[in-house]
Amino acid sequence: MTTLNDRPNTALLVVDVQNGVVADAHERDSVVANVAALVDKARGAEVPVVWVQHNDEGLEKGSPEWELVPELKRSPAEPLVEKSYGDSFEDTALESVLADLRVGRLVVSGAETDACIRSTLHGAFARGYDATLVSDAHTTGDRTTWGAPPPAQVIAHTNLYWSYQTAPGRTAGTVATKEVAFKPGA
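The paragraphs below set out a description of the structure included in this document. (Residues numbered from 1 in each chain as written. Predicted model: local features only at pLDDT ≥ 70, side-chain atom pairs only at ≥ 80, totals over all residues. Heavy atoms only, no water.)

**Points about the pattern of salt bridges**
Tallied over the full model, the rule gives 10 salt bridges. Between Asp-29 and Arg-28 there is a salt bridge whose closest N-O contact spans 3.0 Å. Its relative accessible area of 17% is what places Arg-28 among the buried residues. Put simply, Arg-127 and Asp-87 hold a salt bridge, and the shortest N to O gap is 3.0 Å. With a gap of 40 residues between them, Arg-127 in the loop between helix H4 (113–126) and strand S5 (130–139) and Asp-87 in the loop between strand S3 (80–83) and helix H3 (94–100) connect regions that are remote in the sequence. On the accessibility criterion, Asp-87 (12% relative accessible area) is buried. Several salt bridges share partner residues, and in doing so they unite Arg-28, Asp-29 and Glu-71 into one network. (Salt bridge = Lys/Arg side-chain N within 4 Å of Asp/Glu carboxyl O. Buried < 20%, exposed > 50% of the residue type's maximum accessible area, 1.4 Å probe, protein only. Helix = DSSP H or I, 4+ residues; strand = E, 2+ residues; numbered from the N terminus.)

Have a look at this one:
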């Protein structure tokens with residue numbers, strides 16, 4: 001139901017599942033396993049997988065911390081979008097990649113819940129995309145030292161409010177990994 005004309009397709013967006021981003025993330029191994037399961041499901045249904053990789057002064061491009069986690073293997077045919085801001089659309093090629101793929105619906109996974117995931121979800125929704133968050137395929141680190149709630153609460157809160165996100169002509173919501181059903185070629 002996207003507001004983007006002639007964009008009937010879906011893509012899986014894998015955001016910042018990089019060594020330096022998820023090293024100490026909440027339930028890292030189970031989240032990475034869920035992302036891997038989503039990648040397998042998407043590929044099996046011939047749904048594009050679009051990878052997003054963050055870089056900045058704390059996460060230098062080409063460094064071991066910048067690399068995708070070893071459990072996830074990007075196919076060379078799958079688009080890779082490099083970013084330097086939280087919103088994966090901001091000053092990147094993501095919009096043109098999705099336009100070329102005729103994508104109007106995103107299934108979002110990755111890290112970090114309270115930063116890049118939230119801003120990418122909102123960025124997609126504001127740009128007219130349907131945006132579904134995979135409730136058990138995103139994570140964040142512990143920021144309680146800076147006054148944030150514990151990671152499990154950050155994740156639960158994001159799942160809660162995204163479940164009720166609404167806007168004219170667009171859909172949002174959450175779904176668990178096991179419930180994600182990509183339609184072949186959709």
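**Focus: the sheet that holds strand S2 (residues 49–54)**
Working definition: the strands of a sheet are paired by backbone hydrogen bonds and lie parallel or antiparallel to each other. The strand order across the open sheet formed by 6 strands is S3-S2-S1-S4-S5-S6, and the pairing between neighbours is parallel. Of all strands in the sheet, those with a lone pairing partner are S3 and strand S6 (172–175), marking the two edges. Adjacent strand axes in the sheet meet at a mean angle of 25°, parallel and antiparallel pairs treated alike. As judged from the 4 bridges shared by S2 and S3, these two strands associate in the parallel manner. Within the sheet, the bridge partner assigned to His-54 lies in S3 and is Lys-83. Here helix H2 (residues 28–44) sits on the sheet in contact with strand S1 (9–15), S2, strand S4 (103–111) and S5, set at roughly 140° to S5. Against the sheet, helix H5 (residues 151–163) touches S5 and S6, its axis set at about 160° to S5. (Pairing = 2+ DSSP bridges. Axes fitted to C-alpha atoms, helices over the stretch in contact; angles between N-to-C directions. Contact = heavy atoms within 4.5 Å.)

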